[in-house]
Amino acid sequence: MARQADGPDEQHRRPEEVSDATVAALGKLSEALECVERARGHLYSLHQLIGHADLMLDDAVEQFRAAGHQQIAERIDTELLGRNVIAGRWTFQIVEDFDDGYHALFRELDRQARDELVGGRRHLYEAEMKERRRSRGRPGHEARPDGEG
């Protein structure tokens, strides 16, 4: 890609020897990581929602007991309250396993690929897309936040 005076900053320009195919592959890896990050957010939502629901069961048990429904209250109290969501695990354990395993490896491989192939630069695919799509010289279409293009 030709270097434009009003183009992206140095961290968002591909090194000279890097091919379109490499930029595209790194872009796809980055896109996949972004999907995993979104999934991670949903996993944390699951963690918090299940925890909140479990705490709400205390009130449900109390209300069933007060309403005279001892068997229902006892079953919720002994079978559901504090139960593992999957075999041997509460949601915090699922989150920790995900973070320390799959998520950590994904981030490591993304970082390694960027370090080895483009000197650690991020979002080259998107930076080049921005250059193709923006209207030079128009307000709101600057290449950088400093207004230099």
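That block above? That's the structure.
What counts as what
Residues numbered from 1 in each chain as written. Predicted model: local features only at pLDDT ≥ 70, side-chain atom pairs only at ≥ 80, totals over all residues. Heavy atoms only, no water. Salt bridge = Lys/Arg side-chain N within 4 Å of Asp/Glu carboxyl O. Helix = DSSP H or I, 4+ residues; strand = E, 2+ residues; numbered from the N terminus. Phe/Tyr/Trp six-rings, centres within 6.5 Å; stacked < 30°, edge-to-face > 60°. Buried < 20%, exposed > 50% of the residue type's maximum accessible area, 1.4 Å probe, protein only. Contact = heavy atoms within 4.5 Å. Polar contact = N/O pair within 3.5 Å; in protein donor to acceptor, adjacent residues only side chain to side chain. Arc of directions from axis to C-beta. Patch = residues over 30% accessible without salt bridge, like charges linked within 9 Å, V, L, I, M, F, W, Y side chains within 5 Å. Areas by Shrake-Rupley, 256 points an atom, 1.4 Å probe, with all protein chains shown as cover. Core = buried A, V, L, I, M, F, W, Y, C linked by side-chain atoms within 4.5 Å.

1. A closer look at the pattern of salt bridges
Within the structure shown, the criterion is met by 16 salt bridges. The partner of arginine 65 in a salt bridge is aspartate 77, with the nearest N and O atoms 3.4 Å apart. Within this pair, whereas arginine 65 is found in helix α1 (residues 20-66), its partner aspartate 77 is found in helix α2 (residues 70-80), the two being separated by twelve residues in sequence. What you see here is one network of salt bridges that share partners, running through Asp6, Glu131, Arg134 and Arg136.

2. Thoughts on the packing of aromatic side chains
One pass over the structure, following the stated rule, counts three aromatic pairs. Aromatic side chains tryptophan 90 and phenylalanine 92 sit 6.4 Å apart centroid to centroid with 80° between the ring planes, which places their arrangement in the edge-to-face category. Residue tryptophan 90 is classed as partly exposed on the basis of its relative accessible area, which comes to 37%. With centroids separated by 5.8 Å and ring planes inclined at 65°, the aromatic side chains of tyrosine 102 and phenylalanine 106 adopt a geometry described as edge-to-face. In this pair, tyrosine 102 and phenylalanine 106 both sit in helix α3 (residues 91-118), four residues apart, roughly one turn of the helix. For tyrosine 102, a relative accessible area of 48% translates into the label partly exposed.

3. A few points about the environment of glycine 7
You can see glycine 7 is positioned in the segment before α1. Overall, glycine 7 belongs to the buried group, its relative accessible area being 0%. In this structure the C-alpha to C-alpha distance between glycine 7 and leucine 81, which are 74 residues apart in sequence, comes to 58 Å. Contacts of glycine 7, omitting those with residues within four sequence positions, involve Arg13, Glu131, Arg134, Ala143 and Arg144.

4. Quick look at the side chain of threonine 91
The residue threonine 91 is located in helix α3 in this model. Among the residues examined, threonine 91 registers a relative accessible area of 7% and is labelled buried. A distance of 2.7 Å separates polar atoms of two side chains, one belonging to threonine 91 and the other to histidine 47.

5. Remarks on helix α4 (residues 124-133)
Along an α-helix, a turn takes 3.6 residues, which lines up residues three or four apart on a common side. Within α4 the residues assigned to the buried category are Leu124, Ala127, Glu128 and Glu131. Along the long axis of α4, the arc covered by the buried residues comes to 95°, so they all point the same way. Of the exposed residues in α4, those oriented more than 90 degrees away from the buried face are Arg132 and Arg133. Buried positions along α4 lie against α1 and α3.

6. Focus on a nonpolar patch on the surface
Nonpolar side chains collect at one region of the surface, where Leu46, Ile50, Val85 and Ile86 lie side by side and expose about 300 Å² of accessible area between them. Locating leucine 46 in the fold gives a position in helix α1. According to the relative accessible area criterion, leucine 46 is partly exposed, its value standing at 40%.

7. Notes on the nonpolar core
Core analysis: the largest hydrophobic core is formed by seven residues, namely Leu33, Val36, Leu43, Ile94, Val95, Phe98 and Phe106. Counting only elements with at least two residues in this core, the list comes to α1 and α3. The element best represented in this core is α3, accounting for four residues. Here phenylalanine 98 is in contact with Val36, Arg40, Leu43, His103 and Ala104, once residues within four sequence places are set aside. Counting residues in hydrophobic clusters, the runner-up holds six residues, among them Val18, Val23, Ala113 and Val118.

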